[in-house]
Amino acid sequence: MEYEWKPDEQGLLQILQLLKESQSPDTTTQRAVQQKLEQLNQYPDFNNYLIFVLTKLKSEDEPTRSLSGLILKNNVKAHFHNFPNGVTDFIKSECLNNIGDSSPLIRATVGILITTIASKGELQNWPDLLPKLCSLLDSEDYNTCEGAFGALQKICEDSAEILDSDVLDRPLNIMIPKFLQFFKHSSPKIRSHAVACVNQFIISRTQALMLHIDSFIENLFALAGDEEPEVRKNVCRALVMLLEVRMDRLLPHMISIVEYMLQRTQDQDENVALEACEFWLTLAEQPICKDVLCRHLAKLIPVLVNGMKYSEIDIILLKGDVEEDEAIPDSEQDIRPRFHRSRTVAQPHEEDRIEDDDDDDDDNDLDDDDTISDWNLRKCSAAALDVLANVFRDELLPHILPLLKELLFHPEWVVKESGILVLGAIAEGCMQGMIPYLPELIPHLIQCLSNKKALVRSITCWTLSRYAHWVVSQPPDTYLKPLMTELLKRILDSNKRVQEAACSAFATLEEEACTELVPYLAYILDTLVFAFSKYQHKNLLILYDAIGTLADSVGHHLNKPEYIQMLMPPLIQKWNMLKDEDKDLFPLLECLSSVATALQSGFLPYCEPVYQRCVNLVQKTLAQAMLHNAQPDQYEAPDKDFMIVALDLLSGLAEGLGGNIEQLVACSNILTLMYQCMQDKMPEVRQSSFALLGDLTKACFQHVKPCIADFMPILGTNLNPEFISVCNNATWAIGEISIQMGIEMQHYIPMVLHQLVEIINRPNTPKTLLENTAITIGRLGYVCPQEVAPMLQQFIRPWCTSLRNIRDNEEKDSAFRGICTMISVNPSGVVQDFIFFCDAVASWINPKDDLRDMFCKILHGFKNQVGDENWRRFSDQFPLPLKERLAAYYGV
């Protein structure tokens, strides 16, 4: 029988009253409403009232009816499995009967309700839903067709995966051809739904769509000139996705697609233009980009450059007319979550700057005007220009330079500002070709830093940071000094956006300039410390980063009493103000970690409270995690970032203070805590605990030694290159431990050696991990040659190639002593790869005397063994520099 349900008059009035109250702006009323709603959920037929108001109570105003439906949707999300059967059936049938309501708002609300029920695993339990909606598409009544299509679009968005699985007997085989028929419908709204539905299945390469791919593309082309922006937007979106998954099908039409996208990127409707602009970003990642675009650059570049101007609405949203806002506190939602990058131990390289920066530092991306409508045409155009500059390199410049001349000196600030953004966007890709112009441009940009418009000042900071590498390569008085002076003024700007841009740019400059900044330290610290008293919340977090980067860049030069006196009091004052649960501790702890490492003994007066608090943070987090694991309903999971950042700061202290940390370690339970951290499920926690283990091993091994028997098996199981950074830090720690253990390391070699040899022979292992693995194998061989030397032949070749590029240092020294000792134990292990050994030896600039003697002995030993004639034949294979070097240094 049909489920008959009638509302009770009193109950209905009560619920309508609630719905009215919930529209009140007053938060106290809101809270009361929330509580009442929770209570009403105890009644089984409460949800019947809600669907009744939505679908039957036409006398009520639409916002109230819609709200009733949205509250019901939330109940479905939270409690659907507790709904009695009768209620569920009543809701489902009401939804299907009212999908064609005459009000667009009510239709949309019903559609949201339907997809929410469907995604609760109910597509299986509501077998007539899809057939019914599909048949309603053929209704003569526009509202019914539009409502059903709206609901289908939401279902395709929310349940794409299950629609394309065997669970439902593959409904898409019917649905997709059906949707394609509607591409030519007379109503723009319905055309738009139809394209949007099919678009959900492009990226997953859904079989049902791939069968009809040609007719889909043909139909898209037919809609290219549609007068409805929403349709044009969906057509652009489809083409962008097809570029990734079915390039083969687009290629024959590529010229006309590019011309179409050029038009659309200039669409009057910004949403359409933005979708179209994504096309250039996606195309730039395809190998065929150069061939396809080379003849269109002359048209495309001006379009992208034009899209990089702020729109009027951007300027309003960015309060571009507000010049001074430094006294206005930040609203909390403006502050983006930040991600802590855990410590990874790496080797210094010969070239002072590692060219292939693989640690994506995103300080420097096109992210100048942060959180407004995060992604917009301006950002997308700039990003597209950036990637295209990387594809075409200097071939782009003939198209850009004439435009730049006009923009950079334009009287209107909005135009000038876009020119400065263009200059920054091409910095990476077109650097070589830009060099001749920089002596003129950099001074012009430094002048723009004092432009009267804040938005010009802030973008100029960013663009200058993109050329920091070049600035630093010139004599310091020419550009570095004036740039630094002006940037420091901008750090104290009266506009918050400028402060932020200047701080980020300064951090980039610090990374490039390193010790070049030492002469200006007093002046720099003056500014940064003054900024402490001036900054609002959000920029303080960026200021910490600038201070930490400064410490990383100038290192021990920071350790002067007058600098410490300036810098430490404000940092410690903030440290004392922050509570243990405050996420602002992250950037402050990171900053202190860099400062402690740089100040070394200069940090001693501050180390005890800092050390104690870090140990407490680790202990608190572990305790909370244990509670949560035991009773997940009672206790929240802790935020483990607190623990990770604290472990990293402890590493910084150990590295900076060295043996001076011994007493702090003696009086704390840090080793017990580390034992737990090393076994944590979260890789970042293990990664940081292994870095700390290595640093404590170097600083105060007497406290670590009693735990080695417990630690070594854990280190062995973490030599798993799937977790690169964990594996890297564990490897490094094993090497440090072996140096301290000496011959007592014998017992532990079987736990680690095979994994290390496997890693060093793996293809595609990242450079840092290879280097650390080689050093650790060398160190193990240094202390236990008898145990490691038999395997020499299995690792000598990758060992030599991975260590030839790192600078002379302690770690390289001990590793090479190890390899020489192993060669003397097992000379036959090196014979086949001797040329690699020669090359590695030649990579030393000035080895210590006794190490040089070891090299000499091995080289001459080999030469004497094979005889002069064979040696000459062998050494004729050497590249000339290698030959000359070995002759000069080692007389062979």
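Note that the structure is predicted; figures quoted are calculated from it, not measured.

Draft legend 1. Layout of the overall build of the protein. Secondary structure assignment for the protein yields 49 helices and zero strands. Dimensions of the protein along its principal axes, counting C-alpha atoms only, are 100 × 65 × 60 Å. Counting only residues that meet the buried cut, the protein has 56% of its 892 residues in that class. Across the protein, the fraction of contacts at a sequence separation of at least 24, relative to all contacts at a separation of at least 6, is 75%.

Draft legend 2. Inspection of the side chain of S192 at higher detail. Position of S192 among the secondary structure elements: in helix α11 (residues 188-199). Judged by its relative accessible area of 8%, S192 is buried. Within polar-contact distance, the side chain of S192 engages the side chain of N234 at 3.2 Å. For S192, the residues in contact, after removing those within four places along its chain, are E230, V231 and N234.

Draft legend 3. Structural view of the packing of aromatic side chains. Counting across every chain of the model gives 23 aromatic pairs. Between Y675 and F711 the ring centres are 6.3 Å apart and the planes differ by 25°, which places this aromatic pair in the stacked class. Placement of Y675 in helix α37 (residues 670-677) and of F711 in helix α39 (residues 708-717) is noted, with a sequence separation of 36 residues between them. Centre to centre, the rings of W799 and F816 are 4.9 Å apart; their planes meet at 65°, and the pair counts as edge-to-face. In this pair, W799 sits in helix α44 (residues 792-803) while F816 sits in helix α45 (residues 810-825), placing the two residues 17 residues apart along the sequence. Like W799, the residue F816 is buried in the burial classification. Through a chain of ring-to-ring contacts, three or more aromatic side chains come together here, namely W799, F816, W844, F855, Y889 and Y890.

Draft legend 4. Layout of unusual backbone geometry. Even without a glycine there, the phi angle at R205 is positive, about 50°. Take R205: its relative accessible area is 46%, and that puts it in the partly exposed class. With a phi angle near 65°, N764 is a residue other than glycine that sits in the positive phi range. Inspection of the secondary structure assignment puts N764 in the loop between α41 (749-760) and α42 (767-783).

Draft legend 5. Focus on the state of the cysteines. The tally for this structure, following the rule as stated, stands at zero disulfides. Here C800 stays unpaired: no disulfide links it, and the sulfur of C838, its closest cysteine neighbor, is 8.9 Å away. The class of C800 is buried, set by a relative accessible area of 2%. As a non-bridged cysteine, C856 has C820 as the owner of its nearest cysteine sulfur, 11 Å distant. On the basis of relative accessibility, which here comes to 24%, the residue C856 falls in the partly exposed class.

Draft legend 6. Structural context of the pattern of salt bridges. Applying the stated rule across the entire model yields 38 salt bridges. Put simply, E417 and R378 hold a salt bridge, and the shortest N to O gap is 2.7 Å. With a gap of 39 residues between them, E417 in helix α23 (residues 413-425) and R378 in helix α21 (residues 377-392) connect regions that are remote in the sequence. For R378, a relative accessible area of 2% puts it in the buried group. Within the structure, one salt-bridge network assembled from shared partners comprises D214, R246, D248 and R249.

Draft legend 7. Geometry of the packing of helix α25 (residues 438-448) against helix α26 (residues 454-466). Between α25 and α26, whose axes approach to 9 Å, the crossing angle comes to 145°. Like other packed secondary-structure pairs, α25 and α26 cross with a definite hand, here left-handed. The residues of α26 that touch α25, namely those facing I442, L445, I446 and C448, are V456, R457, T460, T463 and L464. Taken together, the residues of the contact of α25 with α26 sort by class into six nonpolar, two polar and one charged.

Draft legend 8. The arrangement of the nonpolar core in detail. In this structure, W280 and F603 are the most contacted members of the largest nonpolar core, which totals 315 residues. In terms of residue count, the dominant contributor to this core is helix α35 (residues 641-657) (eleven residues). If sequence neighbours within four positions are ignored, F603 has contacts with M568, L592, V595, A596, V610, L653 and L657. Core analysis: the next-biggest nonpolar cluster, separate from the first, contains five residues, Y310, I315, L318 and V414 among them.

Draft legend 9. Representation of the side chain of T773 within the structure. In this fold, T773 is placed in helix α42. When neighbours within four sequence positions are excluded, T773 is seen to be in contact with T731, L756, I759 and I760.

Draft legend 10. Spotlight on the packing of α26 against helix α29 (residues 496-513). Taken N-terminus to C-terminus, the directions of α26 and α29 make an angle of 10°; their axes are 8 Å apart at the nearest point. The angle between the axes of α26 and α29 places the two elements in the roughly parallel class. Residues A454, L455, R457, S458, C461 and S465 of α26 form the contact with α29, whose participating residues are R497, V498, A501, A502, A505 and T508. Its residues placed into classes, the contact of α26 with α29 shows seven nonpolar, three polar and two charged.

Draft legend 11. Main features of the environment of K184. Inspection of the secondary structure puts K184 in the loop between α10 (172-181) and α11. Residues K184 and Q746 lie 562 residues apart in sequence; the distance between their C-alpha atoms is 77 Å. At 2.6 Å, the side chain of K184 forms a polar contact with the side chain of N219.

Draft legend 12. Representation of helix α2 (residues 27-40) in the model. Over its 14 residues, α2 extends 20 Å from the first C-alpha to the last, a length consistent with the 20 Å expected when each residue adds 1.5 Å. On its buried side, α2 packs onto α1 (9-21), α3 (46-55) and α4 (62-79).

Draft legend 13. A look at the environment of L487. Looking at the secondary structure, you find L487 in helix α28 (residues 480-491). When the C-alpha positions of L487 and A502 are compared, they lie 6.0 Å apart, and in sequence the two are 15 residues distant. The contact partners of L487, leaving out residues within four places of it in the chain, are L449, C461, A502, A505, F506 and L509.

Draft legend 14. Structural detail: the environment of Q266. Assignment of secondary structure puts Q266 in the loop between α16 (254-264) and α17 (270-284). Judged by relative accessible area, which is 47%, Q266 ranks as partly exposed. When the C-alpha atoms of Q266 and L304 are compared, they prove to be 9.0 Å apart, with 38 residues separating the residues in sequence.

Draft legend 15. Seen up close, a nonpolar patch on the surface. On the surface, a nonpolar cluster with roughly 310 Å² of combined accessible area is contributed by I313, I316 and L317. For I313, the position within the fold is in helix α20 (residues 312-317). Since its relative accessible area comes to 49%, I313 is described here as partly exposed.

What counts and what doesn't
- The residue count restarts for each chain, going from 1 along the sequence in the order it is written.
- Confidence filtering applies because this is a predicted model: local features only for residues at pLDDT of at least 70, side-chain atom pairs given and counted only at 80 or more, and all residues used for totals across whole chains, interfaces and linings.
- To obtain the side-chain values, all non-hydrogen atoms of the structure were used and water was disregarded.
- Put simply, DSSP marks the helices as runs of H or I at least four residues long and the strands as runs of E at least two long, and each gets a number from the N terminus on.
- Under the scheme applied here, a residue whose accessible area is under 20% of the maximum for its type counts as buried, over 50% as exposed, and between as partly exposed, the area being computed with a 1.4 Å probe on protein chains only.
- Contact definition: two residues touch when any of their heavy atoms are within 4.5 Å.
- Each polar contact in these results corresponds to two N or O atoms within 3.5 Å; when the atoms are within protein, one needs to be able to donate a hydrogen and the other to accept it, and residues that are neighboring in sequence are counted only if both atoms are side-chain atoms.
- Each aromatic pair joins two rings of Phe, Tyr and Trp (for Trp, the six-membered one) with centres within 6.5 Å, and gets the label stacked for planes under 30 degrees apart, edge-to-face for over 60, and tilted for any other angle.
- The disulfide definition used here is simple: a pair of cysteine sulfur atoms within 2.5 Å.
- Throughout this description, the term salt bridge denotes a Lys or Arg side-chain nitrogen within 4 Å of a carboxyl oxygen of Asp or Glu.
- Note on geometry: axes are C-alpha line fits, over the in-contact stretch for helices, and angles between N-to-C directions span 0 to 180 degrees.
- Take the far helix as the reference: if the near one is turned anticlockwise from it by less than a right angle, the crossing is left-handed, and if turned clockwise, right-handed.
- Side-chain classes are defined by residue name, with Ala, Val, Leu, Ile, Met, Phe, Trp, Tyr, Cys and Pro counting as nonpolar, Asp, Glu, Lys and Arg as charged, and the others, Gly among them, as polar.
- As used here, the term nonpolar core means buried Ala, Val, Leu, Ile, Met, Phe, Trp, Tyr and Cys residues forming a set that is joined through side-chain atoms within 4.5 Å.
- Angular relationships are summarised with four words: roughly parallel below 35 degrees, roughly antiparallel beyond 145, roughly perpendicular across 65 to 115, and oblique for the angles in between.
- Residue count minus one, scaled by 1.5 Å, sets the expected span of a helix.
- The patch calculation keeps residues exceeding 30% relative accessible area without a salt bridge and links them within 9 Å when they carry like charges or within 5 Å when they are nonpolar (Val, Leu, Ile, Met, Phe, Trp, Tyr).
- Shrake-Rupley sampling with a 1.4 Å probe provides the accessible areas, and residues are treated as covered by the protein chains on show and by no other component.

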